[in-house]
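Residue-level listing of the chains:
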Amino acid sequence: MADVSQSASLSSIAAYLKLTHNCDEASALVEAKEVMQNLVSMRQKGFITGWYFDELGHLELLPSDAISKRINPEK
């Protein structure tokens, strides 16, 4: 799964927010854009390599190798 760079699109994040936070389409899109900007920023800073929705529908982040080593130094 480490090869994923982005598999949760803006529209899928907006749909998730609309469903889970019971907001309208316009509000969900505004919030999704902010989420996407934050995800891209985290990737550019080297904190994550990507993001995706897991099989339960949760937005998951893929930590970079450097961050993974800091979280789990024994691995």
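Parameters at a glance
- By convention here, each chain's residues receive numbers from 1 onward along its written sequence.
- Note on the predicted model: pLDDT of at least 70 is required for a residue's local features to be given, and 80 or more for side-chain atom pairs to be given and counted; whole-chain, interface and lining totals, by contrast, use all residues.
- Excluded from the side-chain calculations are hydrogens and water; all other atoms, namely the structure's heavy atoms, are used.
- Between rings of Phe, Tyr and Trp, where Trp is taken as its six-membered ring, a pair exists when centres lie within 6.5 Å; planes separated by under 30 degrees are stacked, by over 60 edge-to-face, and by other angles tilted.
- Strands here mean DSSP runs of E at least two residues long; helices mean DSSP runs of H or I at least four residues long; both are numbered from the N terminus.
- Relative accessibility thresholds used throughout: buried, under 20% of the residue-type maximum; exposed, over 50%; partly exposed, between the two (1.4 Å probe, protein chains only).
- Lines fitted to C-alpha atoms define the axes, with helix axes restricted to the stretch in contact, and inter-axis angles between N-to-C directions lie between 0 and 180 degrees.
- Any angle that is under 35 degrees is reported as roughly parallel, and any over 145 degrees as roughly antiparallel; angles of 65 to 115 degrees are reported as roughly perpendicular and all others as oblique.
- Crossing chirality is assigned from the near helix's rotation relative to the far helix, an anticlockwise turn below a right angle marking it left-handed and a clockwise turn marking it right-handed.
- When checking whether two residues touch, look at their non-hydrogen atoms; a contact exists if any pair is within 4.5 Å.
- Under the scheme applied here, ten amino acids are nonpolar (Ala, Val, Leu, Ile, Met, Phe, Trp, Tyr, Cys and Pro), four are charged (Asp, Glu, Lys and Arg), and all others, including Gly, are polar.
- Helix span, as expected, comes to 1.5 Å for every residue beyond the first.
- Arc, as used here, means the arc of the directions from the helix axis to the C-beta atoms.
- A pair of strands is treated as paired once DSSP finds two or more bridges between them.
- Here a salt bridge means any side-chain nitrogen of Lys or Arg lying within 4 Å of a carboxyl oxygen belonging to Asp or Glu.

K.L.:
Tell me what's going on with the packing of aromatic side chains, and back it up with residues and numbers.
P.N.:
One pass over the structure, following the stated rule, counts 1 aromatic pair. With centroids separated by 5.3 Å and ring planes inclined at 50 degrees, the aromatic side chains of Tyr 16 and Phe 53 adopt a geometry described as tilted. A residue pair is termed long-range when its members are at least 10 positions apart, and Tyr 16 in helix H1 (residues 10–21) and Phe 53 in strand E1 (residues 48–53) qualify at 37 residues. When its relative accessible area of 28% is taken as the criterion, Tyr 16 is described as partly exposed. Of the residues examined, Phe 53 reaches a relative accessible area of 23% and is grouped as partly exposed.

K.L.:
Can you break down the packing of H1 against helix H2 (residues 25–44) residue by residue, with the values?
P.N.:
Following both chains from N to C, one finds H1 and H2 inclined at 125 degrees, their axes separated by 8 Å at the closest point. Judged on the interaxial angle alone, H2 and H1 are oblique. In this structure, H1 meets H2 at a crossing whose hand is right-handed. Contacts between H1 and H2 involve Leu 10, Ile 13, Ala 14, Leu 17 and Lys 18 from the former and Glu 25, Ala 28, Leu 29, Glu 31, Ala 32, Lys 33, Val 35, Met 36 and Leu 39 from the latter. Grouping the constituent residues of the contact of H1 with H2 by class yields 10 nonpolar, no polar and 4 charged.

K.L.:
Account for H1, naming residues and giving values.
P.N.:
Its 12 residues place the ends of H1 16 Å apart at the C-alpha level, agreeing with the 16 Å of an ideal helix rising 1.5 Å per residue. What H1 keeps buried is the set Ile 13, Ala 14 and Leu 17. In a view along the axis of H1, the buried residues occupy a sector of 100 degrees, so they form one face of it. Residues of H1 that are exposed and point more than 90 degrees away from the buried face comprise Ser 11 and Leu 19. For H1, the secondary structure elements touched by its buried residues are H2 and E1.

K.L.:
So, the pairing of strand E2 (residues 59–63): which residues are in play, and what are the values?
P.N.:
Here 5 bridges tie E1 to E2, and the two strands are oriented antiparallel to one another. Across the sheet, Trp 51 pairs through a bridge with Leu 61, a residue of E2. Between E1 and E2, which pair antiparallel in sequence order, lie 5 residues; one of them, Gly 57, sits at a positive phi of approximately 85 degrees.

K.L.:
How would you sum up the pattern of salt bridges? Please name residues and give values.
P.N.:
This model, assessed by the stated rule, comprises 1 salt bridge. In this structure, the salt-bridge partner of Lys 18 is Glu 25, at a minimum N-O distance of 2.9 Å. A relative accessible area of 37% places Lys 18 in the partly exposed class.

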